[in-house]
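# Inside the fold
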Amino acid sequence: MGKQSVWQSAKTYLAMISLQLGYAGMHVIVLLSFKNGFSHWVFVVYRHAVATLVFAPFAFFLERKVRPKMTKTTFLKIMGLALLEPVIDQNLYGVALQYTSASFAAAMVNVLPAITFILAVIFRMEKVNLRKAYSLAMVIGTVVTVGGAMVMTLFKGPAFNIFPNNHAISHHAAAGEASGHRWVLGTIMMLGTITGWAAFFILQKNTLKDYPAEMSLTALVCLMGTVEGGAVAVVMERRPSAWAIGFDTRLLAATYSGIICSGIAYYLQSIVNRSRGPVFVTAFSPLSMIITAVLGAIVLAEQIYLGSLIGALIIIFGLYSVVWGKSKQKSESEVLPIVVENNNCDEAPGKETVEMKISNGLKP
């Protein structure tokens, strides 16, 4: 049982790390398609249409026996999930990505665990007791993480070229100068993106209590994301040519993001969210920043700014303060006081309290 528990835990970590690899690839591929004229409004629609077409058949057949009955409340929650992540989060992300850079967008995602923690406290999914070391660590880590984000916003500093001989440097530098005045606006939109994403995980955790069918929930969120995103795109994108797609970076971005970053990501995150909670799900975001910075420098010839480096280091320090506190909280909560009836005739009747250590995933 011990080896099985270790393997289950290892699979959880591997799943979350693999998703960060997928997100890092998405940051670069999507920005490349945007540079080639792909509308982010249309991208959101195609992305979730692809995810729906791929995952709906699997959800229909594999969860036919375990899928609960759809209720009005559950349906409204699914609509809310589609509004928060596919529509608000990803459209703001599309604008922010064009105003800043792929590496900056990935770095800003490091604020996600802190925002998620704040929302989890507000909605009573997390408890804060400042007399406990782990609670103090989570609060301090949250403040430090937000401070790091402010450094990235207000201080740009000199640029560093990881690969100075890259042929695309001059083009990117010109594009960077042209959009420099929009950097702060892009950062604000990125913070809106992260807030919507964090709220998505909070609502996802709540929805899974009433609708514990992860793949079906994924397919329905993608379907509603296609519908709601399509309604927004029709209003915001009036050019018929924006909807054209061929065997190019547009198709690659929609297919890759739809399958990896919507379908598979929503499914794996819902499984882990249901058992570990939203704060744990968001704890691996720094890996995406590191991978994206390297890919962005190679593929897009992006420059890394001193402010981004300093802010990212501050964010990572704050993030792992939150993660450390979360792990300590989990360890302490595993030791539960259990009241047991004492029915021994030789002793006085009453109750005695014992402590039992319950490992994660085991049912009493």
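Heads up: the structure comes first, above all this text.
Reading the values: rules and limits
- Residues numbered from 1 in each chain as written.
- Predicted model: local features only at pLDDT ≥ 70, side-chain atom pairs only at ≥ 80, totals over all residues.
- Heavy atoms only, no water.
- Phe/Tyr/Trp six-rings, centres within 6.5 Å; stacked < 30°, edge-to-face > 60°.
- Axes fitted to C-alpha atoms, helices over the stretch in contact; angles between N-to-C directions.
- Helix = DSSP H or I, 4+ residues; strand = E, 2+ residues; numbered from the N terminus.
- Parallel < 35°, antiparallel > 145°, perpendicular 65-115°, else oblique.
- Left-handed = near helix turned anticlockwise from the far one by under 90°.
- Contact = heavy atoms within 4.5 Å.
- Nonpolar A, V, L, I, M, F, W, Y, C, P; charged D, E, K, R; others polar.
- Polar contact = N/O pair within 3.5 Å; in protein donor to acceptor, adjacent residues only side chain to side chain.
- Salt bridge = Lys/Arg side-chain N within 4 Å of Asp/Glu carboxyl O.

This part covers the packing of aromatic side chains. For the structure shown, the criterion picks out 9 aromatic pairs. A centroid spacing of 6.0 Å and a plane angle of 80° characterise the contact between Phe38 and Phe43, whose relative ring orientation is edge-to-face. Through pairs of rings, three or more aromatic residues link up here, namely Tyr23, Trp197, Phe200, Phe201 and Tyr266.

We now examine the packing of helix H9 (residues 214–236) against helix H10 (residues 249–276). Across the interface, H9 lies against H10 with an axial gap of 9 Å and an inter-helix angle of 135°. Our classification of the angle between H9 and H10 gives oblique. Between H9 and H10 lies a crossing of right-handed hand. On H10, the residues that touch Glu214, Met215, Thr218, Val221 and Cys222 of H9 are Ser262, Gly263, Tyr266, Tyr267, Ser270, Ile271 and Arg274. Its residues assigned to classes, the contact of H9 with H10 shows 6 nonpolar, 4 polar and 2 charged.

Phi at Arg124 is positive, roughly 60°, even though this residue is not glycine. Tracing the backbone shows Arg124 in the loop between helix H5 (112–122) and helix H6 (133–154).

For the rest of this paragraph, the subject is the side chain of Thr193. Of note, Thr193 is situated in helix H8 (residues 183–210). A distance of 3.0 Å separates a polar atom in the side chain of Thr193 from the backbone nitrogen of Tyr93.

Moving on to the pattern of salt bridges. The final tally for this structure, using the stated rule, is 3 salt bridges. Notably, a salt bridge pairs Glu214 with Arg274, separated by 2.9 Å at the nearest N-O pair. Of this pair, Glu214 sits in helix H9 while Arg274 sits in helix H10, and the two are 60 residues apart along the sequence. One salt bridge in this structure joins Glu237 and Arg239, with 2.9 Å as the shortest N-O distance.

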